[in-house]
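Report on the structure
This is what each chain is made of:
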Amino acid sequence: MKTLIRGGHLLTMDPAIGDVPGGDLLIDDAVITSVGETVAAGADQVIDATGKIVMPGFVDTHIHLWQTVMRGLAGELWKGEYFEKVLPYRSRYRPEDIYAGGYAGGLELLANGVTTALDFCHAIVTPEHSDAAVQALIDSGVRGVHGYSIREKPLGHFTTHDQRLADAVRAHEAITHDRVTLMLALSDLETIDIAKSAKEVAFARERGLRMTIHSNFPGQITEMHEAGLLGPDLLPVHGNVFTDDEIRMLADADASLSVTPSVEVGLGSPFTVQRRAAALGLRTGWGCDVATYTNADLLGQMRLGYQLTCYLDSQAERAEGRTGRRRPGIPTLTARDVLRNGTMSGAEALGLAGRIGSLTPGKQADVIVIDPGAFGTPLGDPAAQVLMQASTRDIDTVLVAGEVRKRDGRLVGVEEGRANRLVEAARAHVLAEFPSHD
């Protein structure tokens, strides 16, 4: 089936192509075949994008979709609600509860223009929990990376660490859907166990699996570097405790970093890492993170991250005594930098840069169409229009692998009310009884 997206401003995020005002985008089944060239006829369906912005779908590099069931439960992170009121419920989850969170959360991502997400699933109690998380990604229609957590909590079916490792391999081998892959979510402890980390990294690399890990305590990256564990297949998350030297270590290893502005600031982080990473050449992607605290709106995370970085730029300039004209290199991030982090850099962080992240012939057709004109078309750079003027209400059309998932502002092929019914049923079970232990 051929799909033609006609006449939009193509914000390709491919530096070799650049922007194409008023261009056509031709898709053959799941693949982009032509970018910018005028297509006269021959498409099975035509999407009129005149006056709209067409760009690759957003890539979320860190979100916990299982928590969608408990949306809003940790509304005040400063009080430690997330650790005291959310994580202890993991042991209450059944596979169908994991599915409910992943399915509803996947649909929310699509509605908000996110076509790919790394679902960091650290609520795996049995093998069936992992299978349910994968099936939820498939059924929602999002392109998903199942982040299989091999941390020893929550307790359940697994009695040894080796059992979790073995089941991660089983889960990886069981995935046959083209839109879903698996990454290992490494054990994240209060203090690093370098021997355990080395075992997990070696295990992953022997099997060609990429890895992600929460990074919230000092010295972690230095110890991993000294043990030879860093590499382009590793995606740490957060990292505001990193020193500049550790950022350089990650950059030299061609690793990536996932930053999650709302949650990091909500937990009291200074959120300096994005600005320092940009200055030191470390590739970054964006994430929504805790679904109990914030919704799956990656565009909102990008905007917040940009504004926080601009604020830190201003602080630095004032410390230098500069109050007038901006010095060279300020702002640290441009709107296009931010969108690149949310598309191409995110794809690189997940090992998917050859398939998604830009409007490039030969790549998968993960595409969003943004209608910025409902309240008057903005002026200026289209990248800045998307970042600073658009909102999720403006996400008009979403395609994943060439299949339309949202059209004219409404999700396509979704049974009305199903996601809500699943969430309500899961919530009734999970919250029925507080677990006695984590």
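Residues numbered from 1 in each chain as written. Predicted model: local features only at pLDDT ≥ 70, side-chain atom pairs only at ≥ 80, totals over all residues. Heavy atoms only, no water.

**Focus on the overall build of the protein**
Applicable threshold: Working definition: helices are DSSP H or I runs of at least four residues, strands are E runs of at least two. Numbering for both runs from the N terminus. We call a residue buried when its accessible area falls under 20% of the maximum for its residue type, exposed when it is over 50%, and partly exposed in between, using a 1.4 Å probe and counting protein chains only. What makes two residues a contact is simply this: any of their non-hydrogen atoms within 4.5 Å.
When you go through the protein residue by residue, the secondary structure sums to 14 helices and 18 strands. A total of 438 residues make up the protein; the buried ones form 59% of that total. Pairs at least 24 residues apart make up 74% of the contacts formed inside the protein by residues separated by at least 6 positions.

**Focus on the environment of Gly266**
Tracing the chain through its elements places Gly266 in helix H8 (residues 261-266). In this structure, the C-alpha to C-alpha distance between Gly266 and Leu77, residues 189 residues apart in sequence, is 5.6 Å.

**Here we look at the nonpolar core**
Filter applied, for reference: In this text, buried Ala, Val, Leu, Ile, Met, Phe, Trp, Tyr and Cys residues form a nonpolar core when linked through side-chain atoms within 4.5 Å.
Counting residues in hydrophobic clusters, the biggest one holds 100 residues, and the most contacted among them are Phe58, Leu184, Leu339 and Val386. Among the elements that take part in this core, helix H2 (residues 95-111) stands out by supplying eight residues, more than any other. Setting aside anything within four residues of it in sequence, one finds Val386 in contact with Leu11, Ile53, Met55, Phe58, Leu299, Arg303, Leu339 and Ile370. Formed by 16 residues, the second largest nonpolar core is a distinct cluster that contains Ile27, Val35, Ala49 and Val369.

**Some thoughts on the layout of surface pockets**
We apply this condition: Think of a 1 Å grid over the protein atoms and nothing else: a 1.4 Å probe that fits but is trapped marks a cavity, an open set flanked by protein within 12 Å on at least five of seven lines marks a pocket, and residues with an atom within 4 Å of a point count as lining. Grid points are joined across faces, edges and corners, and a volume is the space filled by probe spheres set on the points.
Volume-wise, the second largest pocket comes out at about 410 Å³. Taken together, 19 residues make up the lining of the second largest pocket; nearest its centre are Leu107, Leu411, Val414, Gly417 and Ala419. Of all the elements in the fold, those that place two or more residues in the lining of the second largest pocket are H2, strand S18 (410-411) and helix H14 (418-430). Element by element, the count of residues in the lining of the second largest pocket is highest for H14, at five residues.

**Some remarks on the side chain of Gln385**
Mapped onto the elements, Gln385 comes out in helix H13 (residues 382-389). Classification of Gln385 by relative accessible area gives buried; the value is 10%.

**As for the environment of Arg418**
For clarity, the threshold we go by: Any N or O atom pair separated by 3.5 Å or less is treated as a polar contact, with the protein-specific requirement of one donor-capable and one acceptor-capable atom, and with residues adjacent in sequence counted only for side-chain atom pairs.
Of note, Arg418 is situated in helix H14. C-alpha separation for the pair Arg418 and Gly8, spaced 410 residues apart in sequence, amounts to 33 Å. The contact partners of Arg418, leaving out residues within four places of it in the chain, are Tyr99 and Tyr103. One polar contact links Arg418 to Tyr99, side chain to side chain, over a distance of 3.3 Å.

**Brief notes about H2**
Owing to its 3.6 residues per turn, the α-helix brings residues three or four apart onto one side. Keep this limit in mind: By this rule, a helix spans an expected 1.5 Å times one less than how many residues it contains.
Taking 1.5 Å of rise per residue, the 17 residues of H2 would be expected to cover 24 Å, and the 24 Å separating its terminal C-alpha atoms lies within 8% of that figure. H2 sits mainly inside the fold: 15 of its 17 residues count as buried. Taken from the residues just after H2, Gly113 is the one with a positive phi, measuring 85°.

**Section: the pattern of salt bridges**
Keep this limit in mind: A carboxyl oxygen of Asp or Glu within 4 Å of a side-chain nitrogen of Lys or Arg is what we treat as a salt bridge.
Taken as a whole and judged by the stated rule, the model has 27 salt bridges. Across the pair Arg71 and Glu108 runs a salt bridge whose closest N-O atoms are separated by 3.2 Å. Note that Arg71 is positioned in the loop between strand S6 (58-64) and helix H1 (81-86) and Glu108 in helix H2, a separation of 37 residues in sequence. On the basis of relative accessibility, which here comes to 41%, the residue Arg71 falls in the partly exposed class. For Arg205, the salt bridge identified is with Asp233, shortest N-O distance 2.9 Å. Here the residue Arg205 occupies a position in helix H5 (residues 194-206), and Asp233 occupies one in the loop between helix H6 (220-226) and strand S11 (234-238), the gap between them amounting to 28 residues. Taking relative accessible area as the criterion, Arg205 reaches 31% and is therefore assigned partly exposed. A single salt-bridge network, built from bridges that share partners, covers Asp254, Arg283, Arg340 and Glu348.

**Examining the side chain of Ser187**
Mapped onto the fold, Ser187 is located in the loop between strand S9 (180-185) and H5. A relative accessible area of 7% places Ser187 in the buried class.

**Describing unusual backbone geometry**
The phi dihedral of Asp29 is positive, around 55°, even though this residue is not glycine. Tracing the backbone shows Asp29 in the loop between strand S2 (19-28) and strand S3 (31-35). You will see that Asp254, though not glycine, has its phi angle at about 60°, which is positive. With respect to the element layout, Asp254 can be found in the loop between helix H7 (244-252) and strand S12 (256-259). Look at Asp254 and you get partly exposed, because its relative accessible area is 40%.

**Remarks on the packing of H2 against H14**
Quick note on the threshold: Axis lines are fitted through C-alpha atoms, for helices just across the contact stretch, and the angle between N-to-C directions can take any value from 0 to 180 degrees. Each crossing gets its hand from how the near helix is turned against the far one by less than a right angle, where anticlockwise is left-handed and clockwise is right-handed. Just so you know the grouping, Ala, Val, Leu, Ile, Met, Phe, Trp, Tyr, Cys and Pro go in nonpolar, Asp, Glu, Lys and Arg go in charged, and all remaining residues, Gly too, go in polar.
Here H2 crosses H14 at 145°, and the two axes come no closer than 9 Å. Between H2 and H14 lies a crossing whose hand is left-handed. Contact with H2, carried on its side by Asp97, Tyr99, Ala100, Tyr103, Ala104 and Leu107, involves Arg418, Ala419, Leu422, Val423, Ala426, His429 and Val430 of H14 and no other residues of that element. When the residues that make up the contact of H2 with H14 are grouped by side-chain class, the tally is 10 nonpolar, one polar and two charged.

**Section: the packing of aromatic side chains**
Note the cut-off: Only Phe, Tyr and Trp rings are paired, with Trp represented by its six-membered ring, and only when their centres lie within 6.5 Å; those with planes under 30 degrees apart are stacked, over 60 edge-to-face, the remainder tilted. Only lysine NZ and arginine CZ atoms are considered, and such an atom sits over a ring when it is within 6 Å of the ring centre and within 35 degrees of the ring normal.
Enumeration according to the criterion identifies three aromatic pairs in this entry. Ring geometry for Tyr99 versus Tyr103: centroids 5.8 Å apart, planes at 5°, classification stacked. Within this pair, Tyr99 and its partner Tyr103 are both found in helix H2, separated by four residues, close to a single helical turn. Taken as a pair, Tyr99 and Tyr103 share a single burial class, namely buried. Directly above the aromatic system of Phe203 lies the positively charged group of Arg207, at a separation of 3.7 Å from the ring centroid. Across the ring face of Tyr103, the terminal group of Arg418 is positioned such that the distance to the ring centre comes to 4.6 Å.

Remember, this is a structural readout, not a statement about activity or role.
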